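# Topology and contacts: notes
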Amino acid sequence: MTVGARTSDVKNPDLAREGEDLIEWSAREMPVLLMIRERFEQEKPLRDLRVSACLHVTSETANLMLTLKAGGADIALCASNPLSTNDSVAAALAHTFAIKTFAIKGEDNDTYYAHISAALDHGPNFTMDDGADLVTMLHRERNDGLPGVLGGTEETTTGVVRLRAMAERGVLAYPIIAVNEADTKHMFDNRYGTGQSTLDGIIRATNVLLAGKTFVVAGYGWCGRGLASRAKGHGADVVVTEVDPVKALEAAMDGFRVLPMREAAPVGDIFVTVTGDVNVLDRGHFERMKDGAILANSGHFNSEINLRALDELAAEVRAVRPMVQQYRMSDGRRLHVLGEGRLINLAAADGHPAAVMDMSFANQALSLEHLARNHGRLERRVYDVPEEIDAEVARLKLRAMGVSIDTLTEEQVRYLDSWEEGT
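Residues numbered from 1 in each chain as written. Predicted model: local features only at pLDDT ≥ 70, side-chain atom pairs only at ≥ 80, totals over all residues. Heavy atoms only, no water.

### Description of the overall build of the protein chain
Threshold: Strands are runs of DSSP state E lasting at least 2 residues, helices are runs of H or I lasting at least 4, and numbering of each runs from the N terminus. As a reference, a globule follows 2.2 Å times the number of residues to the power 0.38, and the radius of gyration itself is taken over C-alpha atoms. The contact definition used throughout considers only heavy atoms, calling two residues in contact when any of these lie within 4.5 Å. Throughout, the Shrake-Rupley method with a 1.4 Å probe supplies accessible areas, and for residues the shown protein chains are the sole cover considered.
A tally of helices and strands in the protein chain yields 17 helices and 15 strands. Here the protein chain has a C-alpha radius of gyration of 22 Å; the compact-globule value for 423 residues is 22 Å, and the two agree. When its C-alpha atoms are laid out on the principal axes, the protein chain stretches across 75 × 65 × 45 Å. Nonlocal contacts in the protein chain, meaning residues at least 24 apart in sequence, comprise 72% of its contacts between residues at least 6 apart. Accessible area of the protein chain: about 18900 Å², with a carbon and sulfur share of 48%.

### Structural notes on the sheet that holds strand S15 (residues 382-384)
Operational definition: Pairing between two strands is assigned when DSSP locates at least 2 bridges connecting them. Axis geometry follows a simple rule: fit a line to the C-alpha atoms, using only the stretch in contact for helices, then measure angles between N-to-C directions, giving values from 0 to 180 degrees.
In spatial order, the strands read S3-S2-S1-S4-S5-S6-S15; together these seven strands make up an open sheet with parallel pairing. Of all strands in the sheet, those with a lone pairing partner are strand S3 (100-102) and S15, marking the two edges. Shown here is a sheet whose adjacent strand axes are inclined to one another by a mean of 20 degrees, direction ignored. Bridging between strand S2 (residues 74-79) and S3 involves three bridges; their strand directions are parallel. By the bridge assignment, leucine 77 is partnered in S3 with threonine 101. In the packing of helix H5 (residues 109-120) onto the sheet, the strands contacted are strand S1 (50-55), S2 and S3, and the crossing angle to S2 comes to about 170 degrees.

### Quick word on helix H16 (residues 387-401)
What counts here: A helix is expected to span 1.5 Å multiplied by its residue count minus one. Any residue under 20% of the maximum accessible area for its type is buried, any over 50% is exposed, and the rest in between are partly exposed; the area is computed with a 1.4 Å probe on protein chains only. Picture the helix axis, draw a direction to every C-beta atom, and the arc is the one those directions span.
With 15 residues, H16 should cover 21 Å at 1.5 Å per step; its first-to-last C-alpha distance of 21 Å lies within 8% of that length. Looking at H16, one finds that the buried residues are Ile389, Asp390, Val393, Leu396 and Lys397. Seen from one end, H16 has its buried residues packed into an arc of 130 degrees, which puts them on one side. Those residues of H16 that are exposed and aimed more than 90 degrees away from the buried face are Glu387, Glu388 and Arg399. Immediately beyond the C-terminal end of H16, within one or two residues, lies glycine 402, with a positive phi of roughly 75 degrees.

Written as structure tokens, this is what we have:
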């Protein structure tokens, strides 16, 4: 597909009014971002800076884009996953708020990458990515645009892994802040957001009862922790699979059964991958799964379930519900893949609740402001979110929630700074 010189490419401009309502609804749950937007409106810290963003095009993302625009930024936005776009939100961004938007839910692979290229046609000074597809294209195919790029941000674990690999190999051309590494991002967005929204997507797609099911969680990082605890809260018997001995030990001490995936495969009713790796559910696992097993992924890319191997094993593949593909094996067993193996919380549901995205996107906005002010002093590598930004996001969230906390007395500060006193 060729996007050409169009300033936007969305499914239907007539959906814009519906999108405005969704954006306004999310804003009610995003007070931190709104406080930042009010300051940005006055100070214009991003004045005349061009930003190319590759993010899930949701109502929460729209509020981030409006915050950046209030700060003076000129923005082009594309989707970071073919199934994660809300078409009405995309229409509102393009036609109500005049933000260049290239995103259509269900777009094919060619269109997906054409949209990323269109966002790069914007000639960015800064990039904002979720999974590093935009940054990768910029370095591989569109490196003519690299001289104008001063810095960038990355939203998710998968993207951070890719960017750190680029930095280690000396090919990363500009500094990038890993928003995913902020405590106010991964401890809340990854845990509470992924935990709730993944179950939401599974239930919407299947209408299955989780209580009494054996629910297998592949990976016990922040996303896996949140997913396991929420599945347990629904009454599921939760099994965790891991390759990291420390995380496996933590899962066991949190009260979950820990098994190798080969042993979990025959007993699981529902499998969810949240590792950021490839072929976590593989041919040998499919061959051992029970009839009716449900397979879903909440990692960024659709590589965690080996769909090619599953296609080869299947005698028949057919859609049995929206977002549910049934793979019938030659022995009659039926395995069900949700959302084409893509992010089930966005493919079949609305993604993370706005209240947690409030903190994640506050980190995005403040990190971009930090880059705008300090890019000349930064090296071409991946940085964590500065501690003062992380703390400020937490303070603003507590203020919005009406929660007060203690402060250290002068005596306590002196004690913590000293070494002389002991027992």
